[in-house]
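Structural description and commentary
Each chain, letter by letter, is given below.
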Amino acid sequence: MSLSQSPIRDSFGSKFGIIAAAAGSAVGLGNIWKFPYITGQNGGGAFLLIYLLCVILIGVPVMMSEFAIGRRGQRNAFGSFKALSPNKPWYMVGLMGVVAAFFILAFYSAVAGWTLEYIVQSVTHRFANQSTANLQTSFNSFISGTYRPVIWQLIFMALTAAIVIAGVKKGIEKYTKLLMPILVLLILILCLRSVTLDGAMAGLSFLFKPDFSKITGETILFALGQAFFSLSLGMGTLITYASYFGKNENLALTAVQVSLADTIIAVLAGVMIFPAVFAFNIEPASGPSLVFITLPGIFQQMPGGDIFGAIFFVLLAVAALTSTISVLEVVVAYFAEELKLSRKKATLLASVSIAVLGIFASLSFGPLANFKIFGKGVFDLLDFTASNVLLPLGGLFIVLFIGWYFTKDLTRAELSNENKLRVRFFPAYIFIVRFVAPLAITAIFIYSIFIGGLG
Ligand code: TRP
């Protein structure tokens, strides 16, 4: 079953373009605040070790499976499943991915918009001489506003749409090739600043010193869940991107390189954040407050703090943008290919409708704070449904599809580029996608719905 590539289909033009786009998707808000915090609180070096095992043993094989489906299918996530299993309901997995993309982008773009506000606040010296309590109040009053957060979110969506509308080679590839090196440079500058602060060692040891007493079954599930989100798995993002890969691309090698890049950036983010947190005697707090409240507090205590603050929020915005592009592309490719729209119309339709949902997510911190569905505000509901339900389910069906439905011969043909590459890892890979990954993903799924979701 070899599907011919349609002559008008866009594609990536270079090996570096593929890595930049896929690593750009993977590296995002998940790496920069979530990873360091989880690592610090869950046994430091010990958690890092488990995280690495999750990435290598499960993340890489799942990524290879998404790559195989997309490049074989030569279509968007929905269309690829449909092409590979005509008349079977597997296309539902692709459809679920499109819905997940809608939900993720709606809430992710709200947070991405905040990074733009904070760039402006840094360069206009708004953090100078503010106490942590003041920073907290101004953050809360900003996100609960009616217009400012929404306007920034719409600007962020417009930036994302402007890149996606230009196409795969001239939009996504061109900009991720430009933005990813900038991101690496900015992160290195901030790491250097951070590790040269007095008292930086305490932060590094918080991050790296293995404390095996903190490792429990729950930690392992955390690590696996974080690996999935961080590597952009389970939603068809990488199926969609792989449909633009060339026939000679080594899928297994690319999966290893992208996972490695994502992990290195996550670790560097920890090296950037924790020495500063400890040098200024700040409690390593969690989530958005670390990034939007604690860090501005730290920056204003540093010489040249406004500059480092601005660099940091530019970094965050760039990381978010290369991720939002990849999420929007899932919906755009689906609209373009299944509804037969031009790329321009598909991008407009996708981004405008996602923005409308996004406005509700933004407003759920302010005017819509009391509007709850199943006890959750719009933002939390979208996050929960996508991250805790749709992504793990998508991941599960992706490995079941490759492990049990798509035949071993076809999978081997795709991963070996029709026998041009040696695939000595193949038996181990098949064992993982058949048994290890489905069981592990089922465990995270049950955990996150019944324990995480209620907790
Ligand atoms: N991986 C990105 C991050 O770490 C977020 C992201 C982009 C994502 N595309 C995705 C997560 C697809 C899950 C699925 O921030």
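We now turn to the structure provided with this report.

Criteria and cut-off values
- Residues numbered from 1 in each chain as written.
- Predicted model: local features only at pLDDT ≥ 70, side-chain atom pairs only at ≥ 80, totals over all residues.
- Heavy atoms only, no water.
- Helix = DSSP H or I, 4+ residues; strand = E, 2+ residues; numbered from the N terminus.
- Polar contact = N/O pair within 3.5 Å; in protein donor to acceptor, adjacent residues only side chain to side chain.
- Contact = heavy atoms within 4.5 Å.
- Near = heavy atom within 4 Å.
- Areas by Shrake-Rupley, 256 points an atom, 1.4 Å probe, with all protein chains shown as cover.
- Nonpolar A, V, L, I, M, F, W, Y, C, P; charged D, E, K, R; others polar.
- Phe/Tyr/Trp six-rings, centres within 6.5 Å; stacked < 30°, edge-to-face > 60°.
- Buried < 20%, exposed > 50% of the residue type's maximum accessible area, 1.4 Å probe, protein only.

Turning our eyes to something else, we now look at the side chain of Arg9. When you line up the elements, Arg9 lands in the segment before α1 (15–26). One polar contact links the side chain of Arg9 to the main-chain carbonyl oxygen of Gln74, over a distance of 3.0 Å. In this structure the side chain of Arg9 is engaged in a polar contact, spanning 2.9 Å, whose partner is the backbone oxygen of Ser243. Aside from chain neighbours lying at most four places away, what touches Arg9 is Gln74, Arg75, Asn76, Ser243, Tyr244 and Glu337.

All right, on to the site of the ligand then. Around the ligand lies a shell of 17 residues, among which Ala26, Gly30, Tyr108, Phe229 and Ser232 are the nearest. Between the ligand and Phe229 there is a distance of 2.9 Å, counted from a nitrogen atom to a backbone nitrogen or oxygen. Between the ligand and the protein, one listed contact pairs a nitrogen atom with a backbone N or O atom of Ser230 at 3.2 Å. Bound to the protein, the ligand loses 100% of the 370 Å² it would expose on its own. When contributions to the shell around the ligand are tallied by element, the ones reaching two or more residues are α1, α2 (29–41), α10 (217–230) and α14 (305–338). Of the residues contributing to the shell around the ligand, the split by class is 8 nonpolar, 9 polar and no charged.

Glancing now at the packing of aromatic side chains. Given two aromatic rings, one states the distance between the centres and the angle between the planes to describe the pair. Scanning the entire structure with this criterion turns up 33 aromatic pairs. Relative to Phe313, the ring of Tyr118 has its centre 5.3 Å away and its plane inclined at 55°; by these criteria the two rings are tilted. Highlighted residues: Tyr118 in helix α5 (residues 91–123) and Phe313 in helix α14, separated in sequence by 195 residues. Judged by its relative accessible area of 0%, Phe313 is buried. Judged by centre distance (5.0 Å) and plane angle (45°), the rings of Phe206 and Phe278 are tilted. Here Phe206 is found in helix α9 (residues 200–208), whereas its partner Phe278 is found in helix α12 (residues 251–279), with 72 residues between them in sequence. Phe278 sits in the partly exposed class, given a relative accessible area of 25%. Grouped by ring-pair contacts, the aromatic residues Phe107, Trp114, Tyr118, Phe127, Phe139, Phe142, Phe292, Phe299, Phe312, Phe313, Phe365 and Phe379 constitute a single cluster.

Functional significance is not addressed by these values, which are geometric in nature.
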